[in-house]
Amino acid sequence: MSADVRRAEALNYLQGAADKAKRRGHIPFPPAFVIAPEGDGGPPPLARLIQGGRGGAVRLRLYMCITMMATRQPFDLRRPPGPNGWTQMLAIDPKTGPRRVASNLKWLADHQFIDLQPQWGRPSAITLLSATGDGGVYTQPREDGRYVGMPIAFWTNGWLLQLSPTAIALLFALREALGGKSEPQYIHTAKRQRYGLSSDTWTKGRKELEAQGLLAVKREPQGDFYDFMRLRNAYQLTLARLEGPPYWS
């Protein structure tokens, strides 16, 4: 099966999953998933998800799909896809997909992002745990006020499949940092460090988002008349671009 056929099949699966979950608008993620608290030296959960082993591509996509599909308390999937189903939904090579899916579901469970409950004769049920990765009970981010939203089109139009884990992580970081601001914004170094993304990761993700038309980066002066003026990067997202398909590669 060619990559194009696998992708078309995956898009149908993602659309079906979104329809079954009756998802509309934005899928909420808590800020603590994206950014570490001030003074916390460790990386936030999102940065941990993309570390190691092919950049955490399958791991991150699995987690994002589970979050999109588990809509009601106790935020679980009693009849989740099996390894072959996830392989099709994520457009993974069927030769290696089931093994990669199984190992990454185990990783998510071992690191307390999800709980797996064996079921006789069918795939283990999946329950979301706290997005902070501390093993606590999952709560709806909207109930806590501020959240980082990702449009459902990110799944249904295939951006989940096209963007690398690096680009997805930076997109989340910029969504958190910029909020609803429409004007280009500079992000201070101290805050950037709280996202747990290295300079190399930030640069690679930035180039990918720019190439896809999701991000514009401008050089703007920072400081006032009495300060030493420096040109710094100011970031502006174009989330309307998500309503169309990505540039496939």
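Reading the values: the criteria
Residues numbered from 1 in each chain as written. Predicted model: local features only at pLDDT ≥ 70, side-chain atom pairs only at ≥ 80, totals over all residues. Heavy atoms only, no water. Helix = DSSP H or I, 4+ residues; strand = E, 2+ residues; numbered from the N terminus. Buried < 20%, exposed > 50% of the residue type's maximum accessible area, 1.4 Å probe, protein only. Contact = heavy atoms within 4.5 Å. Expected span 1.5 Å × (residues − 1). Arc of directions from axis to C-beta. 1 Å grid on protein atoms, 1.4 Å probe; cavity = no way out; pocket = protein on both sides within 12 Å on 5 of 7 lines; lining within 4 Å. Points joined across faces, edges and corners; volume = space filled by probe spheres on them. Nonpolar A, V, L, I, M, F, W, Y, C, P; charged D, E, K, R; others polar.

**Q** I keep staring at the environment of Phe75 and nothing clicks. Help me out?
**A** Tracing the sequence through the fold places Phe75 in the loop between α4 (57-69) and β2 (76-77). The exposure class of Phe75 is buried, given its relative accessible area of 5%. Sequence spacing of Phe75 and Gly179 is 104 residues, and the spatial spacing of their C-alpha atoms is 26 Å. Every residue in contact with Phe75, bar those within four places of it in the chain, is listed here: Ala70, Ile126, Thr127, Leu128, Tyr138 and Gln140.

**Q** Please explain helix α1 (residues 3-20) as it appears in this structure.
**A** Structural remark: α-helix, 3.6 residues per turn; residues separated by three or four positions point the same way. Between its terminal C-alpha atoms α1 stretches 25 Å, which fits the 26 Å expected from 18 residues at 1.5 Å a residue. Buried residues of α1: Arg6, Arg7, Ala10, Leu14, Ala17 and Ala18, and no others. Seen from one end, α1 has its buried residues packed into an arc of 105 degrees, which puts them on one side. In α1, the exposed positions angled more than 90 degrees off the buried face are occupied by Asp4, Asn12 and Lys20. Tucked into the core, α1 has its buried residues touching α4, α5 (83-89), α7 (153-156) and α8 (159-162). Just downstream of α1 lies Lys22, where phi reads positive at about 55 degrees.

**Q** Sorry, what's going on with the layout of surface pockets here?
**A** Rolled over the atoms, a probe with the dimensions of a water molecule shows which regions are left empty. Put simply, the largest pocket is a space of about 430 Å³. Along the walls of the largest pocket sit 17 residues, with Ala17, Lys20, Ala21, Met69 and Leu77 positioned nearest its centre. For the lining of the largest pocket, the secondary-structure elements that each account for two or more residues are α1 and β2. Residue contributions to the lining of the largest pocket peak at 4 residues, all from α1. For the lining of the largest pocket, the residue count by class is 9 nonpolar, 2 polar and 6 charged. As for the second largest pocket, its lining consists of 15 residues, and the residues nearest its centre are Arg61, Leu90, Ala91, Leu161 and Ser249. For the lining of the second largest pocket, the secondary structure elements donating two or more residues are α1, α4 and α8.

**Q** I keep staring at unusual backbone geometry and nothing clicks. Help me out?
**A** Leave glycine aside and you will find that most residues have negative phi; peptide bonds, for their part, are mostly trans. Of note, the bond from Gln73 into Pro74 is cis; its omega dihedral lies within 30 degrees of zero at 5 degrees. Tracing the backbone through its elements, the reader meets Pro74 in the loop between α4 and β2. We note that Phe75 has phi near 55 degrees; this positive angle belongs to a residue other than glycine. The phi torsion at Gln112 lies on the positive side, around 65 degrees, for a residue other than glycine. In this fold, Gln112 is placed in the loop between α6 (97-110) and β3 (114-119). The exposure class assigned to Gln112 is partly exposed, which follows from its relative accessible area of 38%.

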